Amino acid sequence: MDYQQVIEEVYEEVNALQLKGKVASYIPELSSVDPNQFGIAIVDLAGNVYGVGDYQKPFSIQSISKVFTLTMVFHKFKTKLWSRVNVEPSGNPFNSIAQLEYEKGIPRNPFINAGALVITDALTTKYAQPTTEILSFINELSGKTCVEINEVIKNSEMKHADRNTALAYFLKAYKNFDNDIAEVLDVYFAHCAMEMSCVDLARAFSFLANDGYSIFAQREIISESYARRINALMLTCGFYDESGEFAFRVGLPGKSGVGGGIAAVMPHKFSVAVWSPELNEKGNSVKAIKALELLTDKLSFSLF
Ligand code: GLN
């Protein structure tokens, strides 16, 4: 299968559709990116890279970072983690406060903001320098030093942190938050403000297409059964209240971020990252979703 030719076709076809969305503006600094950027990268399990458009340009990975933080705590906490966070789709926006209240401080899943804050809290308990640990973990997964924290975006989000701060206080009130709130939020905003290109992101996700073994880190990152579970969580919860729609249209486990990126995997074949900043009303990139839908159609495979 000639992945290069397929992604070039997808790139042209998506561009021709002139899809429109809105660049995220609730983090003001995110809205200053050029909305027309668009890139696709595929990395197969031999490490071959296929790329088109802005696939080498770093962008704000935002919530895609939650897959890395979950991977870091998953095998360390084993079943204990699942008493603090559930594994059900939320059917609600990623920053919903109401659901956390009526479910008594146990977030629906690790990918909505409340769940990711619990994960970052667990990492803060575990490591003296959690942000540095997250950075070096992602670099290891990519097989090179490629991750940078964009301090301007981090500070921009910190200045508009009311909802995430409220979620953290709710978690604390329900005794599901161990560390100092400001300290954990600092780590959370730092990992959301990390920047990577499509190609480096696809490299970092490669272990999830490969039963937990990273060809770039040259080691088993997590066991096959844990990799399977992270993929199941991405498939059911990776796109917030659009997860069903993404599974229906694309059929791959994946994770989106409000920077406009999506990283996904076709188990035993490849990992893929697509980026374009304009989002739909659920906070997912319009072009990236369309590109992945066309890609799985053209390759005529998905999980289903
Ligand atoms: N940093 C963003 C937030 O907490 C991440 C959200 C996202 O990418 N969906 O709101």
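This text goes with the structure placed above it.
Presented here is a report on the structure given in the accompanying data block. Please read all numbers here as calculations on a predicted model, not as lab measurements.

**Side note on the overall build of the protein chain**
Moving on, step 1. Within the protein chain, the regular secondary structure consists of twelve helices and ten strands.
Moving on, step 2. A compact globule built from 304 residues would reach a C-alpha radius of gyration of about 19 Å, and the protein chain, at 18 Å, matches this within 12%.
Moving on, step 3. Overall, the protein chain is about 55 × 40 × 35 Å in size when its C-alpha atoms are taken along their principal axes.
Moving on, step 4. With 304 residues in all, the protein chain has 60% of them scored as buried.
Moving on, step 5. When contacts within the protein chain are restricted to residue pairs at least 6 apart in sequence, those whose partners lie at least 24 apart make up 70%.

**A short note on the site of the ligand**
Moving on, step 1. Every residue lining the ligand is accounted for by Tyr26, Gln62, Ser63, Phe94, Asn113, Glu157, Asn164, Tyr188, Cys192, Tyr240, Gly257 and Val258.
Moving on, step 2. Here glutamine 62 contributes a side-chain N or O atom positioned 2.6 Å from a nitrogen atom of the ligand.
Moving on, step 3. Contact distances for the ligand include 2.8 Å between an oxygen atom and a backbone N or O atom of valine 258.
Moving on, step 4. Alone, the ligand offers 300 Å² of accessible surface; in the complex the protein occludes 99% of this.
Moving on, step 5. Considering only residue class, the shell around the ligand consists of six nonpolar, five polar and one charged.

**As for the pairing of strand S2 (residues 49-53)**
Moving on, step 1. Looking at chain direction, strand S1 (residues 39-44) and S2 are connected through five bridges and run antiparallel. The residue of S2 that forms the bridge with glycine 39 is glycine 53.
Moving on, step 2. The antiparallel pairing of S1 with S2 creates a hairpin that spans four residues between the two strands, and glycine 47 there sits at a positive phi of about 90°.

**A look at the pairing of strand S9 (residues 261-266)**
Moving on, step 1. In terms of residue burial, S9 counts as a mostly covered element, since six of its six residues are buried.
Moving on, step 2. Here S9 shows two buried faces, one formed by Gly261, Ala263 and Val265 and the other by Ile262, Ala264 and Met266.
Moving on, step 3. As paired strands, strand S8 (residues 254-256) and S9 are joined by three bridges and run antiparallel to one another. Across the sheet, residue glycine 254 finds its bridge partner in S9, namely alanine 264.
Moving on, step 4. Taking the residues that link successive antiparallel strands as the turn, the S8-S9 hairpin has four residues, and the phi of glycine 260 there is positive, at about 100°.

**Comments concerning the sheet that holds strand S3 (residues 59-60)**
Moving on, step 1. Taken together, the three strands give an open sheet; going across it, the order is S3-S5-S4, and neighbouring strands pair in antiparallel fashion. Only two strands of the sheet have a single partner each, and these edge strands are S3 and strand S4 (148-149).
Moving on, step 2. The strands touched by helix H9 (residues 198-209) are S3 and strand S5 (194-196); relative to S5, the strand with the most contacts, the crossing angle is about 100°.

**Focus: helix H12 (residues 286-299)**
Along an α-helix, residues three or four apart share an orientation, since each turn contains 3.6 residues.
Moving on, step 1. If you check H12, its first and last C-alpha atoms are 20 Å apart, about what 14 residues at 1.5 Å a residue would give, namely 20 Å.
Moving on, step 2. A large share of H12 lies buried, amounting to eleven of its 14 residues.
Moving on, step 3. Taken residue by residue, H12 has Val286, Lys287, Ala288, Ile289, Ala291, Leu292, Glu293, Leu294, Leu295, Thr296 and Leu299 as its buried positions.
Moving on, step 4. Where H12 is buried, its residues contact helix H1 (3-17), S1, helix H11 (243-249), S9 and strand S10 (270-275).

**So, helix H10 (residues 224-237)**
Moving on, step 1. Compared with an ideal rise of 1.5 Å per residue, which puts 14 residues at 20 Å, H10 spans 20 Å between its outermost C-alpha atoms and is within 8% of the ideal.
Moving on, step 2. Every buried residue of H10 is listed here: Tyr226, Ala227, Ile230, Asn231, Leu233, Met234, Leu235 and Cys237.
Moving on, step 3. Looking at the buried residues of H10, the elements they touch are helix H2 (65-77), H9, H11, S8 and S9.

**Examining the environment of aspartate 180**
Moving on, step 1. With respect to the helices and strands, aspartate 180 occurs in the loop between helix H7 (162-173) and helix H8 (181-192).
Moving on, step 2. In this structure, the C-alpha to C-alpha distance between aspartate 180 and glycine 260, residues 80 residues apart in sequence, is 30 Å.

**Topic: the sheet that holds S10**
Moving on, step 1. Within the open sheet, the five strands sit side by side as S2-S1-S10-S9-S8. Their pairing is antiparallel. Each edge of the open sheet is held by one strand with a lone partner, namely S2 and S8. When strand polarity is set aside, the average angle formed by the axes of neighbouring strands in this sheet is 10°.
Moving on, step 2. Strands S1, S2, S9 and S10 of the sheet are contacted by H9, whose axis makes an angle of about 145° with S10.

**Topic: the nonpolar core**
Moving on, step 1. Formed by 52 residues in total, the largest nonpolar core has its most connected members in Phe68, Met196, Leu201, Phe205 and Leu208.
Moving on, step 2. Sorting elements by how many residues they give to this core places H9 first, with nine residues.
Moving on, step 3. In contact with methionine 196, not counting residues within four places along its chain, are Lys57, Pro58, Phe59, Ile61, Phe68, Ile138, Ser142, Cys146, Val147, Leu201 and Ala204.

Conventions and cut-offs
- Residues numbered from 1 in each chain as written.
- Predicted model: local features only at pLDDT ≥ 70, side-chain atom pairs only at ≥ 80, totals over all residues.
- Heavy atoms only, no water.
- Helix = DSSP H or I, 4+ residues; strand = E, 2+ residues; numbered from the N terminus.
- Rg over C-alpha atoms; globule rule 2.2 N^0.38 Å.
- Buried < 20%, exposed > 50% of the residue type's maximum accessible area, 1.4 Å probe, protein only.
- Contact = heavy atoms within 4.5 Å.
- Near = heavy atom within 4 Å.
- Polar contact = N/O pair within 3.5 Å; in protein donor to acceptor, adjacent residues only side chain to side chain.
- Areas by Shrake-Rupley, 256 points an atom, 1.4 Å probe, with all protein chains shown as cover.
- Nonpolar A, V, L, I, M, F, W, Y, C, P; charged D, E, K, R; others polar.
- Pairing = 2+ DSSP bridges.
- Axes fitted to C-alpha atoms, helices over the stretch in contact; angles between N-to-C directions.
- Expected span 1.5 Å × (residues − 1).
- Core = buried A, V, L, I, M, F, W, Y, C linked by side-chain atoms within 4.5 Å.

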